[in-house]
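Structural description and commentary
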Amino acid sequence: MSTFWAIFAGLAPSVGVGLIFWFAMRKIVRADRHEREAFARLDAADAARRAAESPGEVSEQH
């Protein structure tokens, strides 16, 4: 049984660091996704506002 605990003690730090890394990367990726969605909503609202202000003009988007 002591062999099990020796193996566990050797693997636990690696698994723990791996889980912390996974949670951190997951948080970063989700934050980026939400930020991109927010910017897309802002861009759409801005485009709608511009279209409503000048309906006769064709807007150039670059």
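Residues numbered from 1 in each chain as written. Predicted model: local features only at pLDDT ≥ 70, side-chain atom pairs only at ≥ 80, totals over all residues. Heavy atoms only, no water.

1. Some words on the pattern of salt bridges
- A full pass over the atoms with the stated rule returns four salt bridges.
- For D32, the salt bridge identified is with R36, shortest N-O distance 2.9 Å. Remark: R36 and D32 occur in helix α1 (residues 2–53); sequence separation between them is four residues, near one turn of the helix.
- Between R50 and D46 there is a salt bridge, and its shortest N-O distance comes to 3.3 Å. Linking R50 with D46, this pair stays in helix α1, spanning four residues, or about one helical turn.
- Residue class for R50 comes out exposed when judged on its relative accessible area of 51%.
- Via salt bridges that share partners, D46, R49, R50 and E53 belong to a single interconnected network. (Salt bridge = Lys/Arg side-chain N within 4 Å of Asp/Glu carboxyl O. Helix = DSSP H or I, 4+ residues; strand = E, 2+ residues; numbered from the N terminus. Buried < 20%, exposed > 50% of the residue type's maximum accessible area, 1.4 Å probe, protein only.)

2. Regarding α1
- For α1, which comprises 52 residues, the first-to-last C-alpha distance of 76 Å matches the rise-based estimate of 76 Å (1.5 Å per residue) to within 8%.
- In the structure, α1 departs most strongly from a straight axis at L11, where the bend amounts to approximately 30 degrees and where the proline P13 lies between one and four residues downstream. (Expected span 1.5 Å × (residues − 1). Bend = angle between axes of the 7 residues up to and from the residue.)

Shape descriptors only; they carry no functional weight alone.
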